[in-house]
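Notes for the structure review
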Amino acid sequence: MPPIPKDAPIVVLTGAGISKESGLDTFRDKDGIWSKVRLEDVATPEGFKRDPARVHAFYNARRRSLAEDGISPNPAHDALARLEREWHGPVLVVTQNIDDLHERAGSTRLIHMHGELLKVRCRRCNRPMEWTGDLDTGHACPDCGRPGLLRPHVVWFGEMPLDMGLIFQALDDCALFVSIGTSGHVYPAAGFVAQVRRRGKAHTIELNLEPSEGASLFHEIRQGPASELVPAFVDELMHSQDA
């Protein structure tokens, strides 16, 4: 890896691979969630319109699984929180994951581009709000008081990911782009490395259990478990900052 200036902006993209090592089910693996449930039924606006009770039950189960004993940040989450605390420049984590493991590890500069499992929003007010328990069609919005309007604060297929303007600006400004635990199948996140490479200024590196679909676009690829690769990579960065 080339030397990275001590105050250089860093953008880190994380995907399902980093959370899988904490015990959470992934969506796209051969035995993942989408092999058991049709995404058209539970992860599209049309599916919610057809059967909101079924969609609520699906996300209620996901929330309960996140609260299970043993589900906690792993060393990869902890290392990224350390990088944010100790790096001299800005570090932004952009995650495709809807869990809260980055927050629990201590990351604060964080964008959940696909939404957050522990939030809901009203389809009338459009304001996200914390929600850790079950949700059903009988719950009323705390703001407008109308029942049946709350939905998971999750980006469904066919919807625009969140905060894309902020993400694209950070990608344009960064000197280092790191992709961790992503398959490279889901856009627009799969296109982030190409955007960074078009600028020609930033170093790009993929840390993954196996090469992603877009692995050839990265300057550097390291393979292995995120819980091992990410702490070692952060150590390397911090030592280069001290040099």
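Residues numbered from 1 in each chain as written. Predicted model: local features only at pLDDT ≥ 70, side-chain atom pairs only at ≥ 80, totals over all residues. Heavy atoms only, no water.

- The protein chain appears in an unreviewed UniProt entry as NAD-dependent protein deacylase from Paramagnetospirillum marisnigri.
- Heading Function (unreviewed entry) of the UniProt record for the protein chain holds this comment: "NAD-dependent lysine deacetylase and desuccinylase that specifically removes acetyl and succinyl groups on target proteins. Modulates the activities of several proteins which are inactive in their acylated form."
- Note on the protein chain: under the UniProt heading Subcellular location (unreviewed entry), the record states "Cytoplasm". (UniProt positions renumbered as here; feature names shortened; annotations may be inferred.)

**Describing the overall build of the protein chain**
- Helix and strand content of the protein chain: nine helices and nine strands.
- For 243 residues, the compact-globule estimate of 2.2 N^0.38 gives 18 Å, and the C-alpha radius of gyration of the protein chain, at 18 Å, lies within 12% of that figure.
- In terms of its C-alpha atoms, the protein chain occupies a principal-axis envelope of roughly 60 × 35 × 35 Å.
- Going through the 243 residues of the protein chain one by one, you find that 51% of them count as buried.
- Surface accessibility of the protein chain: about 11600 Å² in total, with carbon and sulfur atoms responsible for 51%.
- The distance from the centre of the 28 positive side-chain charges to the centre of the 34 negative ones in the protein chain is 6 Å. (Helix = DSSP H or I, 4+ residues; strand = E, 2+ residues; numbered from the N terminus. Rg over C-alpha atoms; globule rule 2.2 N^0.38 Å. Buried < 20%, exposed > 50% of the residue type's maximum accessible area, 1.4 Å probe, protein only. Areas by Shrake-Rupley, 256 points an atom, 1.4 Å probe, with all protein chains shown as cover. Lys, Arg positive; Asp, Glu negative; His and termini not counted. Charge placed at Lys NZ, Arg CZ, Asp CG, Glu CD.)

**Concerning helix α5 (residues 75–86)**
- The terminal C-alpha atoms of α5 lie 16 Å apart, and with 12 residues this matches the ideal 16 Å at 1.5 Å per residue to within 8%.
- The complete set of buried residues in α5 reads Ala76, His77, Ala79, Leu80, Ala81, Leu83 and Glu84.
- Regarding α5, its N-cap is Asn74, as a side-chain oxygen of that residue lies 2.8 Å from the backbone nitrogen of Ala76 further along. (Expected span 1.5 Å × (residues − 1). Polar contact = N/O pair within 3.5 Å; in protein donor to acceptor, adjacent residues only side chain to side chain.)

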